[in-house]
Amino acid sequence: MAQALSRKIDQCRLCGSARLQTVLDLGSQPPANSLRSSLSETVPTVPLVLCRCETCGVAQLTETVAPQFLFSQYVWVTGTSKGAQGYSERFCDEMLNRVGPGASFAVEVASNDGSFLKPFIAKGVRVLGVDPARNIAAEATAAGIETLPEFFGGACAREVTAKHGLADIAFARNVLPHVPDPKDVIAGMAQCLKEMGVGAIEFHRADTIVRELHYDSIYHEHFFYYTLRDVEGMLQGAGLHAFDVMESPISGGSWVVYFSKQQRAASEAITAARKGEEALQLHKAEGWMEFAAKCKAHREAFIKLLRDARAKGGRIFGYGASARSSTLLNYCGIGPGDLDCVVDKSSYKHDKFTAGTNLPIIAPETAFADPPDRVVMLAWNFTDEILDDMARSFNWTGPVLLPLPGAPKWIRD
Ligand SMILES: [Zn+2]
């Protein structure tokens, strides 16, 4: 029998409590990367529902989509992003500053192509990557960054330490929201670290999601939506102590939280971050329920702005066929009646249709050969870069609707 596409949880993935409370129902949506080549192909849908655990407080999705439906076409390679390269060097410096002199071995969980390990090699630190994507792991190893092709957790950590010894540094970037058992990943990191070692975890912070209404960051690949408090709780459970945070300069609103086995004095940054989060009441139902109400109001306001513009006539293109825009389009019910097409640079997506909303995805060169009257910036987290590109490459400076962050608004209208 074919494996089911998804399974509904009946208890919290973290603490096992059955007390799950629905926060926001985004409707039944296809897994975001299921783009179709033809409209006659059917796409399965899975409920996209955010809930919170009334016992431990962590926000999570009610459905677990089987990994082979999510990651089979996983094509993201870290090193391809320009911003990531500069950040990898800063990340290395920040890490080495916190661990102190003499660090000799660093381990990265879900290391992708090894981009974030390269700066450590340049500083004379021995490195090991762990990544379950076999092809990417093999390429990284061939390029001189030894990468174990495995899922990281307690069992893998035992193998790593037996073969390579204990590490001064262990880090995991943008991993924790994707894994069904994050406690096992953290336990593995604890096992890998020397007594004086330092670890780091980077994750999309729930306080930004809530404050700026990033409901488009809710999609099936992200099982969890962590607060700093949630992550600190998991670290404590593994005998680790968070002592500092840094705001990640990429990926739109993420924390890097630093931790150690020995308790260290809390930095001003982490003290301020804890307070900011508490003010939003994300450890209680209230904070999340207010978020849900604001998302519903945002959807109405966004649809109205778009449809009012549509009523004036003329053509409107969307820009960006990402996982985020898939959630936004599906939740807001935006389809061929509202937009003429979605423009995207990735050739892999061209001549396909957006999942669930049936909009043709076309290359910028094709789209701007017959330019639109207006653009909706679906990839709003890259607004500056895209505005610049449309102006320079296509001499296009027309009105643009920004759905997020915060209230939707037209610019240059
Ligand atoms: Zn729980």
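Residues numbered from 1 in each chain as written. Predicted model: local features only at pLDDT ≥ 70, side-chain atom pairs only at ≥ 80, totals over all residues.

Asker: Any chance you could explain helix α4 (residues 134–142) here in plain terms?
Answerer: The α-helix advances 3.6 residues per turn, and as a result positions three or four apart in sequence lie on the same side. Those residues of α4 that sit buried are I136, A137 and A140. For α4, the angular spread of buried residues about the axis comes to 100°, placing them on one side. The exposed set on the far side of α4, more than 90 degrees from its buried face, consists of R134, N135 and A142. As for α4, its buried residues are in contact with β7 (126–130) and β8 (147–148). Residue G144 follows α4 closely and has a positive phi angle near 100°. (Buried ≥ 20, exposed ≤ 12 C-beta atoms within 10 Å, placed from the backbone. Helix = DSSP H or I, 4+ residues; strand = E, 2+ residues; numbered from the N terminus. Arc of directions from axis to C-beta. Contact = placed C-beta atoms within 7 Å.)

Asker: What exactly am I supposed to notice about the pairing of strand β13 (residues 254–260) here?
Answerer: The buried fraction of β13 amounts to five of the seven residues, a majority that puts the element mostly inside the structure. Inspection of the sheet shows strand β10 (residues 193–204) paired to β13 by seven bridges, in the antiparallel sense. From the neighbouring strand, I201 faces β13, where its bridge partner is V257. Relative to β13, strand β12 (residues 241–247) is paired through six bridges, and the arrangement is antiparallel. Looking at the pairing, V245 lines up with V257 of β13. (Pairing = 2+ DSSP bridges.)

Asker: Sorry, what's going on with the environment of V65 here?
Answerer: Looking at the secondary structure, you find V65 in strand β5 (residues 63–65). Residue classification places V65 among the buried residues on the basis of 21 C-beta atoms within 10 Å. Spatially, the C-alpha atom of V65 lies 9.9 Å from that of P47, the residues being 18 residues apart in sequence. Sequence-distant contacts of V65, that is, excluding residues within four places in its chain, are made with L5, S6, P31, V46, L70 and H220.

Asker: Quick question: what am I supposed to make of the environment of L280 here?
Answerer: Here L280 is to be found in the loop between α9 (268–279) and α10 (285–311). On a C-alpha basis, the gap between L280 and F291 in space is 9.7 Å, while along the polypeptide they are 11 residues apart. When sequence neighbours within four positions are dropped, the list of residues in contact with L280 reads D207, V210, R211 and G287.

Asker: Please explain the environment of I136 as it appears in this structure.
Answerer: Looking at the element boundaries, I136 is found in helix α4. For the pair I136 and N112, spaced 24 residues apart in sequence, the C-alpha to C-alpha distance is 6.4 Å.

Asker: What is the right way to read the sheet that holds strand β4 (residues 59–61) from this model?
Answerer: Remark on secondary structure: sheet strands pair via backbone hydrogen bonds, oriented parallel or antiparallel. Read across the sheet, four strands follow the order β2-β3-β4-β11 without closing on themselves; strand pairing throughout is antiparallel. At either margin of the open sheet sits one strand with a lone partner, and together these are β2 (20–29) and β11 (224–225). Bridge count for β4 against β11 is two bridges, and the pairing is antiparallel. When the sheet's bridge partners are listed, A59 is paired in β11 with Y225. Sheet strands touched by α10: β2, β3 (46–53) and β4. Its angle to β2, the strand with the most contacts, is close to 25°. In the packing of helix α11 (residues 323–332) onto the sheet, the strands contacted are β2 and β3, and the crossing angle to β2 comes to about 90°. (Axes fitted to C-alpha atoms, helices over the stretch in contact; angles between N-to-C directions.)

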